[in-house]
Amino acid sequence: QVQLVEFGGGLVQAGGSLRLSCVAPGRTFSHYAMGWFRQAPGKEREFVAGIGSVAHYADSVKGRFTISRDNAKNTVYLQMTSLKPEDTAVYYCAGDTTGHMSTSPRDYTYWGQGTQVTVSS
């Protein structure tokens with residue numbers, strides 16, 4: 001059962017930007033830690049960014065991606081800039097009910113269906 005919904009994926013040229021959004025229909029997640037993960041073909045799902053009391057980023061996206069949240073709108077965002085072809089993947093939003101941000105996908109309870117991001121060279 002899909003409990004989170006992502007928006008904003010698409011095709012962009014290298015150097016471009018995209019903003020992903022994640023909403024939780026019918027659910028209040030202001031006390032959740034939220035994370036963004038991605039999975040490229042043939043690779044494991046990897047942590048991209050997370051936000052609890054503070055934000056945390058994978059080294060590969062630090063300085064290029066920004067995670068933020070609007071609790072009034074039950075929405076989490078991932079602003080992606082200076083995109084590279086290696087950022088191409090399906091991006092997933094996840095929620096951790098403990099409120100403690102984790103880089104491990106095993107610690108997240110709620111997941112979205114994913115949104116495809118493709119960066120062309």
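Draft legend 1. Spatial organisation of the overall build of the protein. In terms of helices and strands, the protein carries zero helices and eleven strands. Whereas a compact globule of 121 residues would reach a radius of gyration of roughly 14 Å, the protein reaches 13 Å, a difference of no more than 12%. Summarising its shape, the C-alpha atoms of the protein cover approximately 40 × 25 × 25 Å along the three principal directions. When the 121 residues of the protein are sorted by exposure, 45% land in the buried category. Approximately 6100 Å² of the protein is accessible, and the part contributed by carbon and sulfur atoms is 48%. Computed over 11 positive and 9 negative side-chain charges, the separation of the two mean positions in the protein equals 4 Å.

Draft legend 2. Up close: the side chain of Ser21. Assignment of secondary structure puts Ser21 in strand E3 (residues 18-23). Beyond its immediate stretch of four places on either side in the chain, Ser21 contacts Val5, Glu6, Phe7, Trp36, Thr75, Val76 and Tyr77.

Draft legend 3. Region of interest: the pattern of salt bridges. Scanning the entire structure with this criterion turns up four salt bridges. Between Asp87 and Arg38 there is a salt bridge, with the nearest N and O atoms lying 2.9 Å from each other. On the criterion of sequence distance, the pair formed by Asp87 in the loop between strand E8 (75-80) and strand E9 (89-96) and Arg38 in strand E4 (residues 33-39) is long-range, its members being 49 residues apart. On the basis of relative accessible area, Arg38 is assigned to the buried category, the value being 6%. A salt bridge links Arg64 to Asp87, with the shortest nitrogen-to-oxygen separation between them at 2.8 Å. Of this pair, Arg64 sits in the loop between strand E6 (55-57) and strand E7 (65-70) while Asp87 sits in the loop between E8 and E9, placing them 23 residues apart in sequence.

Draft legend 4. Local environment of the environment of Ile51. With respect to the element layout, Ile51 can be found in strand E5 (residues 46-51). Classification of Ile51 as buried rests on a relative accessible area of 12%. Sequence spacing of Ile51 and His100 is 49 residues, and the spatial spacing of their C-alpha atoms is 8.7 Å. With sequence-adjacent residues up to four places away left out, Ile51 is seen in contact with Tyr32, Ala33, Met34, Ile67, Ser68, Arg69 and Met101.

Draft legend 5. The nonpolar core, seen in detail. Formed by 35 residues in total, the largest nonpolar core has its most connected members in Met34, Trp36, Leu78, Met80 and Tyr91. Of all elements in the fold, only E3, E4, E5, E7, E8, E9, strand E10 (110-111) and strand E11 (115-120) reach the threshold of two or more residues within this core. A per-element tally of this core places E9 first, with five residues.

Draft legend 6. How the structure looks around the pairing of E7. Side-chain alternation along E7 places Phe65, Ile67 and Arg69 on a buried face and Thr66, Ser68 and Asp70 on a face that remains uncovered. Direction of pairing for E7 relative to E8: antiparallel, over a ladder of six bridges. Looking across to E8, one finds that Phe65 is bridged to Met80. Between the end of E7 and the start of E8, which pair antiparallel, lie four residues, with Asn74 showing a positive phi angle near 55°.

Calculation criteria
Residues numbered from 1 in each chain as written. Predicted model: local features only at pLDDT ≥ 70, side-chain atom pairs only at ≥ 80, totals over all residues. Heavy atoms only, no water. Helix = DSSP H or I, 4+ residues; strand = E, 2+ residues; numbered from the N terminus. Rg over C-alpha atoms; globule rule 2.2 N^0.38 Å. Buried < 20%, exposed > 50% of the residue type's maximum accessible area, 1.4 Å probe, protein only. Areas by Shrake-Rupley, 256 points an atom, 1.4 Å probe, with all protein chains shown as cover. Lys, Arg positive; Asp, Glu negative; His and termini not counted. Charge placed at Lys NZ, Arg CZ, Asp CG, Glu CD. Contact = heavy atoms within 4.5 Å. Salt bridge = Lys/Arg side-chain N within 4 Å of Asp/Glu carboxyl O. Core = buried A, V, L, I, M, F, W, Y, C linked by side-chain atoms within 4.5 Å. Pairing = 2+ DSSP bridges.

Keep in mind that these numbers describe shape and distance, not what the molecule does.
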